[in-house]
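Okay, here's what each chain looks like letter by letter:
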Protein chains: 4
Amino acid sequence: MSQTKVLFLNCTLKKSTAEKKSHTQRLIDIVANEMSELGAETKTIRVVDHTIPFGIHTLIKDAPKDDWPMIHDEILKCDVLVIASPIWFGTRASVTQLVLERISGMYEERDAQTGQYPLYNKVGACIVTGNEDGAHDVIANTLYNLTHMGATIPPNADCYWLGEAGPGPSFGDDEATLKNAFTNRTARYLAENTIQAAQILQANPYKINLDKIDNAVNEMLGNTHKHVRE
Amino acid sequence: MSQTKVLFLNCTLKKSTAEKKSHTQRLIDIVANEMSELGAETKTIRVVDHTIPFGIHTLIKDAPKDDWPMIHDEILKCDVLVIASPIWFGTRASVTQLVLERISGMYEERDAQTGQYPLYNKVGACIVTGNEDGAHDVIANTLYNLTHMGATIPPNADCYWLGEAGPGPSFGDDEATLKNAFTNRTARYLAENTIQAAQILQANPYKINLDKIDNAVNEMLGNTHKHVRE
Amino acid sequence: MSQTKVLFLNCTLKKSTAEKKSHTQRLIDIVANEMSELGAETKTIRVVDHTIPFGIHTLIKDAPKDDWPMIHDEILKCDVLVIASPIWFGTRASVTQLVLERISGMYEERDAQTGQYPLYNKVGACIVTGNEDGAHDVIANTLYNLTHMGATIPPNADCYWLGEAGPGPSFGDDEATLKNAFTNRTARYLAENTIQAAQILQANPYKINLDKIDNAVNEMLGNTHKHVRE
Amino acid sequence: MSQTKVLFLNCTLKKSTAEKKSHTQRLIDIVANEMSELGAETKTIRVVDHTIPFGIHTLIKDAPKDDWPMIHDEILKCDVLVIASPIWFGTRASVTQLVLERISGMYEERDAQTGQYPLYNKVGACIVTGNEDGAHDVIANTLYNLTHMGATIPPNADCYWLGEAGPGPSFGDDEATLKNAFTNRTARYLAENTIQAAQILQANPYKINLDKIDNAVNEMLGNTHKHVRE
């Protein structure tokens, strides 16, 4: 069995050149370290370091520069895709939403033989850090979006850290945040479950043919033309 | 390989004795029919026909009557759990939320050997009907909740129907609603993916030991006591 | 100016007879106390102590018992309506959702002269307690729902308490939770803003005629019949 | 009474130079036209035409260019702020989230005398267009965010258009979409309610002093230092 490849997309608003560290990266590091110990190969892309124009296609043709196709290709190569997002104003960061919008360009890239979406037989997961509230909303939406691109979500495929209600420290600002037992446990649940799920799917891929279903439905509904993807 | 068992929990607000049909049941029927053709055994429980007190445990001891343990046991027997929900005021129905609250009682029922939650190696899915808006919110939250109980979410594990913005017909009120190509396609995606995922997991169950992780984390954090589940 | 009337609907899952106290009531008490000092008359209904069948109308005719009409009438009498909700599994409690579903029956109760919805010139607010996450989601959905019934949402019309990520104490379980500065500040913001907004609206009610708008739109769209409310 | 000023922030992903029209602008036009007839002065900024770096402050100092301060000043000048957003993948567009993140910089700009947030005595509203689902989620989060900056949300302060479940036309793609009775009615509800609320608040501003509350809470909690804004 080949080595499991994990791609983290860190959707922090802060560039690597910023003064402050990315709190989200701190939690990625914990998960990635655990995955390495399990034998996986991990890679993190800090999205905001690249030029990613707004849009809903894999390539934004009228943009002066578009680094997304590079990230798109890294996604295609990975077995486990982990979206790592800060929370701002209670919902997922603009960079995370931008990433999902660009990922939605994959709707147009179904497999020629099976009609499967590009994340079929890949595994999705989500990591979130915030000050105080919003993790469930961010994770629920993000994991759900990934299933539409074909990802499988294994059990306990998320982890997050949040402080008490109101302003306060962020993850990694002090030792106490780093010692949250729930966050540390779930970080390891995520690591083990995603790696194991990726191995299961590598050995036992989905054989479903979506094109065949589409054609059968079109026929049933009396559509006179053969399968046209919308 | 044994026959795949599918359990639908229909979370409509309407009892079976109500004048009007459950629109949600109409969409369940389409999915269940497809699953039967794929060889699965399906069963639907209309939750509101039973006496389910509010609470967050498997048995509400101070309630005069509690039918939840029966549903709880059906959940334990199934391979695929499908939560079917109407939308009210943009979010999941009160009955759906009640069902999830009662399901959360399973947090206390981890496996004695592995610490796995009761839905490990089961598959989760979600069906939604509404007039006009809210499907993503309902499905995202519901699928995410199920992963915390151990469920795996396969690709394209949801289907829904909604009409145009504003008041209008519900699913099944007229022929046009039943002929929505997207709803019909995704109903079949859901059926095939969940059955296939259940078969994959039956043959290749997760071997992860959550208790072992908990103990390792506790030790790392310097907790002096042995694993105590919170 | 007449005394401002405030109605709190406590949507805890626990009946008054339960062993444990309602954490949500603890936060209601702080807000209600502040409002009393500002001269308002406050009243709290613990919804789960009453028999409230599922449904989306003001009276559920085929239910053996329905206490909602009593609560409905209390809502009509108040100037400020505060929905107080626990969080379960990241979203608003089933009892809260049930309350909103029953409130949605007011869609059918527009004013005979103006077509205004029953909460016009009333003020809406939201209080939330939970263990660790979900306050924004609960509050956002709840306040938005209330605006559709006619409520005005003043600035800083919400307050909540949540602990750090993962299991832990609930509001009022220990002194530390009660001393959260953010929760205490925003509880008072809520109290002052809602009372002041209610006084402003009492003296300066909305004069908008929704029926007139509906008729104009129908005419513009070429609908041959006079205003029919959907 | 001075003329009511309305600012629309169109958060479409498409620049003005794009081939396709902004569907969101189509719905803005309907609302703005109605507001003009009511005597208001309206202005629309298409956010994506400007250079707005990611961040959570009013000025991003380490960005090569930041046009946000111009938009920030337009927000300060308006009486009614309308966030207009497309839906992508079920939630608010990345540009909308970016706008809210930048607006959150106003947390640091409380009034020197009253501690009020910059949107106090301004009115908030939300317009949404999408293919098929997600309006409630976008609007609920967006209106709620605005109340934290001080905005008041009047009754029926939102309007949206969505088609049936699945791929299909967007708002303005054909005549049928433009003729949705619900969207047309609520567009006018929004226009009349926001203008009327702005006039009410202009004549009767909130007099609440948040700084005084903060100091009282700090004293009560035994904080030894005078008010420190967090």
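Residues numbered from 1 in each chain as written. Chains lettered and ligands numbered in written order. Predicted model: local features only at pLDDT ≥ 70, side-chain atom pairs only at ≥ 80, totals over all residues. Heavy atoms only, no water.

Re the overall build of chain A
Turning to step 1, where the next piece is worked out: Secondary structure summary: chain A contains seven helices and six strands in total.
Turning to step 2, where the next piece is worked out: Along chain A, helices (α) and strands (β) appear in the sequence β-α-β-α-β-β-α-β-α-β-α-α-α when read from the amino end.
Turning to step 3, where the next piece is worked out: Over its C-alpha atoms chain A spans a radius of gyration of 19 Å, differing by no more than 12% from the 17 Å that the globule rule assigns to 230 residues.
Turning to step 4, where the next piece is worked out: Within chain A, the fraction of its 230 residues that count as buried is 66%.
Turning to step 5, where the next piece is worked out: When contacts within chain A are restricted to residue pairs at least 6 apart in sequence, those whose partners lie at least 24 apart make up 77%.
Turning to step 6, where the next piece is worked out: By element, 50% of the accessible surface of chain A is carried by carbon and sulfur atoms, the whole surface being about 8300 Å².
Turning to step 7, where the next piece is worked out: Computed over 22 positive and 29 negative side-chain charges, the separation of the two mean positions in chain A equals 3 Å. (Helix = DSSP H or I, 4+ residues; strand = E, 2+ residues; numbered from the N terminus. Rg over C-alpha atoms; globule rule 2.2 N^0.38 Å. Buried < 20%, exposed > 50% of the residue type's maximum accessible area, 1.4 Å probe, protein only. Contact = heavy atoms within 4.5 Å. Areas by Shrake-Rupley, 256 points an atom, 1.4 Å probe, with all protein chains shown as cover. Lys, Arg positive; Asp, Glu negative; His and termini not counted. Charge placed at Lys NZ, Arg CZ, Asp CG, Glu CD.)

Section: the relation of the copies chain D and chain C
Look at the two chain copies: a rotation about an axis and a shift along it is all it takes to match them.
Turning to step 1, where the next piece is worked out: Expressed as a screw transformation, the operator carrying chain D onto chain C has a rotation angle of 180° and an axial translation of 0.0 Å, and the superposed copies differ by an RMSD of 0.0 Å. Viewed as a symmetry operation, the transformation between the two copies matches a two-fold axis.
Turning to step 2, where the next piece is worked out: When the interface residues of chain D are mapped onto chain C, 100% of them again fall at the interface, so both copies present the same face. (Least-squares fit on C-alpha atoms with pLDDT ≥ 70 in both.)

A closer look at the pattern of salt bridges
Close approach of charged atoms lets side chains of opposite charge pair.
Residues and elements named next belong to chain D.
Turning to step 1, where the next piece is worked out: One pass over the structure, following the stated rule, counts 32 salt bridges over all chains.
Turning to step 2, where the next piece is worked out: When the shortest N-O distance is used, the salt bridge between Glu74 and Lys77 registers 3.5 Å. Here Glu74 and its partner Lys77 are both found in helix H2 (residues 68-77), three residues apart, which amounts to about one turn of the helix.
Turning to step 3, where the next piece is worked out: Classification of Glu74 by relative accessible area gives buried; the value is 15%.
Turning to step 4, where the next piece is worked out: The exposure class of Lys77 is exposed, given its relative accessible area of 52%. (Salt bridge = Lys/Arg side-chain N within 4 Å of Asp/Glu carboxyl O.)

With respect to the pairing of strand S2 (residues 41-46) of chain A
Turning to step 1, where the next piece is worked out: Relative to S2 of chain A, strand S1 (residues 5-10) of chain A runs parallel, the two sharing six bridges. The residue bridging Asn10 of chain A from the neighbouring strand is Arg46 of chain A, located in S2 of chain A. (Pairing = 2+ DSSP bridges.)

Here's the deal with helix H1 (residues 23-37) of chain D
Residue and element names in this part refer to chain D.
Turning to step 1, where the next piece is worked out: Counted at 1.5 Å a residue, the expected span for H1 with its 15 residues is 21 Å, and the 22 Å between its end C-alpha atoms agrees.
Turning to step 2, where the next piece is worked out: Among all positions of H1, only His23, Thr24, Gln25, Leu27, Ile28, Ile30, Val31, Ala32, Glu34 and Met35 are buried.
Turning to step 3, where the next piece is worked out: The elements touched by buried residues of H1 are strand S1 (5-10), strand S2 (41-46), strand S3 (80-88), strand S5 (123-129), strand S6 (158-161) and helix H6 (181-203). (Expected span 1.5 Å × (residues − 1).)

Let's talk about the packing of helix H1 (residues 23-37) of chain A against helix H6 (residues 181-203) of chain A
Working note: a packed helix pair is described by the angle between its axes plus the distance between those axes.
Residues and elements named next belong to chain A.
Turning to step 1, where the next piece is worked out: Following both chains from N to C, one finds H1 and H6 inclined at 45°, their axes separated by 9 Å at the closest point. Taken together, H1 and H6 sit at an angle that is classed as oblique. Between H1 and H6 lies a crossing of right-handed hand. On H6, the residues that touch Leu27, Ile30, Val31, Glu34 and Met35 of H1 are Thr183, Asn184, Ala187, Arg188, Leu190, Ala191, Thr194 and Ile195.
Turning to step 2, where the next piece is worked out: A per-class count over the contact of H1 with H6 returns eight nonpolar, three polar and two charged. (Axes fitted to C-alpha atoms, helices over the stretch in contact; angles between N-to-C directions. Parallel < 35°, antiparallel > 145°, perpendicular 65-115°, else oblique. Left-handed = near helix turned anticlockwise from the far one by under 90°. Nonpolar A, V, L, I, M, F, W, Y, C, P; charged D, E, K, R; others polar.)

Considerations on the packing of aromatic side chains
Turning to step 1, where the next piece is worked out: Tallied over the entire structure, the rule returns 20 aromatic pairs over all chains.
Turning to step 2, where the next piece is worked out: Considering the side-chain rings of Tyr120 of chain D and Tyr206 of chain D, the 5.9 Å spacing of their centres and the 80° angle between planes classify their relative orientation as edge-to-face. Taken as a pair, Tyr120 of chain D in the loop between helix H3 (94-103) and S5 and Tyr206 of chain D in the loop between H6 and helix H7 (210-220) lie far apart in primary sequence, 86 residues in all.
Turning to step 3, where the next piece is worked out: Note on Tyr120 of chain D: relative accessible area 6%, which makes it buried.
Turning to step 4, where the next piece is worked out: Members of the aromatic cluster, each reached through a chain of ring pairs, are Phe89 of chain A together with Tyr107 and Tyr117 of chain D. (Phe/Tyr/Trp six-rings, centres within 6.5 Å; stacked < 30°, edge-to-face > 60°.)

Side note on a negative patch on the surface
Turning to step 1, where the next piece is worked out: Residues Glu164, Asp173, Asp174 and Glu175 of chain A together with Glu164, Asp173, Asp174 and Glu175 of chain C make up a contiguous surface patch of negative charge.
Turning to step 2, where the next piece is worked out: Turning to its location among the elements, Asp173 of chain A is positioned in the loop between strand S6 (158-161) and helix H5 (175-178).
Turning to step 3, where the next piece is worked out: Classification of Asp173 of chain A by relative accessible area gives partly exposed; the value is 47%. (Patch = residues over 30% accessible without salt bridge, like charges linked within 9 Å, V, L, I, M, F, W, Y side chains within 5 Å.)

Some remarks on the confidence of the model for chain A
Residues and elements named next belong to chain A.
Turning to step 1, where the next piece is worked out: Put simply, chain A has an average pLDDT of 95, and 97% of its residues get 70 or more.
Turning to step 2, where the next piece is worked out: Mean pLDDT across the elements of chain A ranges from a minimum in H5, with 94, to a maximum in strand S5 (residues 123-129), with 99.
Turning to step 3, where the next piece is worked out: Of the regions scoring below 50 in pLDDT, residues 225-230 engages in 12 contacts with residues more than four places distant in sequence or in other chains.
Turning to step 4, where the next piece is worked out: The ipTM value of the predicted complex is 0.96, and its pTM value is 0.97. (pLDDT = per-residue confidence, 0-100.)

Some words on the interface of chain D and chain C
Turning to step 1, where the next piece is worked out: Contact with chain D, which involves 45 residues of that partner, is made by 45 residues of chain C.
Turning to step 2, where the next piece is worked out: For the pair chain D and chain C, the summed buried surface comes to about 4100 Å²; carbon and sulfur atoms form 60% of the total.
Turning to step 3, where the next piece is worked out: Our enumeration of links across chain D and chain C arrives at two salt bridges.
Turning to step 4, where the next piece is worked out: For Asp214 of chain C, the salt bridge goes to Arg185 of chain D, with nearest N and O atoms at 3.8 Å.
Turning to step 5, where the next piece is worked out: Of all elements in the fold, only helix H4 (135-148), S6, H6 and H7 of chain D reach the threshold of two or more residues within the side of chain D that touches chain C.
Turning to step 6, where the next piece is worked out: With 11 residues, the single largest contributor to the side of chain D that touches chain C is H6 of chain D.
Turning to step 7, where the next piece is worked out: Broken down by class, the residue content of the side of chain D that touches chain C amounts to 24 nonpolar, 12 polar and nine charged. (Buried area = accessible area lost by both parts, 1.4 Å probe.)

Quick notes on the interface of chain A and chain C
Turning to step 1, where the next piece is worked out: Residue-level contacts link 21 residues of chain A with 21 residues of chain C.
Turning to step 2, where the next piece is worked out: Interface area, chain A with chain C, both sides summed: about 1400 Å², of which 48% is carbon and sulfur.
Turning to step 3, where the next piece is worked out: Along the contact surface separating chain A from chain C lie zero salt bridges.
Turning to step 4, where the next piece is worked out: Counting across the chain A and chain C interface gives 16 residue pairs in polar contact (both at pLDDT 80 or more).
Turning to step 5, where the next piece is worked out: Going through the elements one at a time, helix H4 (135-148), S6 and H6 of chain A are the ones with two or more residues in the side of chain A that touches chain C.
Turning to step 6, where the next piece is worked out: Taken together, the residues of the side of chain A that touches chain C sort by class into nine nonpolar, seven polar and five charged. (Polar contact = N/O pair within 3.5 Å; in protein donor to acceptor, adjacent residues only side chain to side chain.)

Side note on the side chain of Asp133 of chain A
Turning to step 1, where the next piece is worked out: With respect to the element layout, Asp133 of chain A can be found in the loop between S5 and H4.
Turning to step 2, where the next piece is worked out: A polar contact of 2.7 Å, which involves the side chain of Asp133 of chain A, links it to the backbone nitrogen of Gly134 of chain C.
Turning to step 3, where the next piece is worked out: A distance of 2.9 Å separates the side chain of Asp133 of chain A from the backbone nitrogen of Ala135 of chain C, its partner in a polar contact.
Turning to step 4, where the next piece is worked out: Setting aside its immediate chain neighbours within four residues, Asp133 of chain A contacts Ile87, Gly90 and Leu162 of chain A together with Asp133, Gly134, Ala135, His136 and Leu162 of chain C.

Details of the environment of Pro86 of chain B
All names here are of chain B.
Turning to step 1, where the next piece is worked out: Examined against the element boundaries, Pro86 turns out to sit in strand S3 (residues 80-88).
Turning to step 2, where the next piece is worked out: Distance from Pro86 to Ile127, taken between C-alpha atoms, is 8.5 Å for residues 41 residues apart in sequence.
Turning to step 3, where the next piece is worked out: Not counting the four nearest positions on each side in its chain, Pro86 is found in contact with Cys11, Thr12, Thr24, Thr91, Arg92, Ala93, Thr96 and Thr129.

Concerning H7 of chain D
Turning to step 1, where the next piece is worked out: The set of residues buried in H7 of chain D consists of Leu210, Asp211, Ile213, Asp214, Val217 and Asn218 of chain D. In a view along the axis of H7 of chain D, the buried residues occupy a sector of 160°, so they form one face of it. For H7 of chain D, the exposed residues set more than 90 degrees away from the buried face come down to Lys212 and Glu219 of chain D.
Turning to step 2, where the next piece is worked out: Residues of H7 of chain D that are buried sit in contact with helix H6 (181-203) of chain C.
Turning to step 3, where the next piece is worked out: Here H7 of chain D starts with a cap whose side-chain oxygen sits 3.0 Å from the backbone nitrogen of Asp211 of chain D, and that cap is Asn209 of chain D.
Turning to step 4, where the next piece is worked out: Looking one or two residues beyond H7 of chain D, the residue adopting positive phi is Gly222 of chain D, at roughly 80°. (Arc of directions from axis to C-beta.)

With respect to unusual backbone geometry
Turning to step 1, where the next piece is worked out: We note that Asn121 of chain A has phi near 70°; this positive angle belongs to a residue other than glycine.
Turning to step 2, where the next piece is worked out: With respect to the helices and strands, the residue Asn121 of chain A is situated in the loop between helix H3 (94-103) and S5.
Turning to step 3, where the next piece is worked out: Phi at Phe89 of chain C is positive, roughly 60°, even though this residue is not glycine.
Turning to step 4, where the next piece is worked out: Tracing the backbone through its elements, the reader meets Phe89 of chain C in the loop between strand S3 (80-88) and strand S4 (91-92).
Turning to step 5, where the next piece is worked out: Phe89 of chain C gets classed as buried once you look at its relative accessible area, which sits at 12%.

Thoughts on the packing of helix H7 (residues 210-220) of chain A against helix H6 (residues 181-203) of chain B
Turning to step 1, where the next piece is worked out: Viewed as axis vectors pointing N to C, H7 of chain A and H6 of chain B meet at an angle of 135°, and their least axial separation amounts to 9 Å. The angle between H7 of chain A and H6 of chain B falls in the class oblique. Crossing angle aside, the handedness with which H7 of chain A passes H6 of chain B is right-handed. Taken together, the residues of H6 of chain B that come into contact with H7 of chain A (itself represented by Leu210, Ile213, Asp214, Val217 and Met220 of chain A) are Ala181, Asn184, Arg185, Arg188, Tyr189 and Glu192 of chain B.
Turning to step 2, where the next piece is worked out: Considered class by class, the residues forming the contact of H7 of chain A with H6 of chain B number six nonpolar, one polar and four charged.

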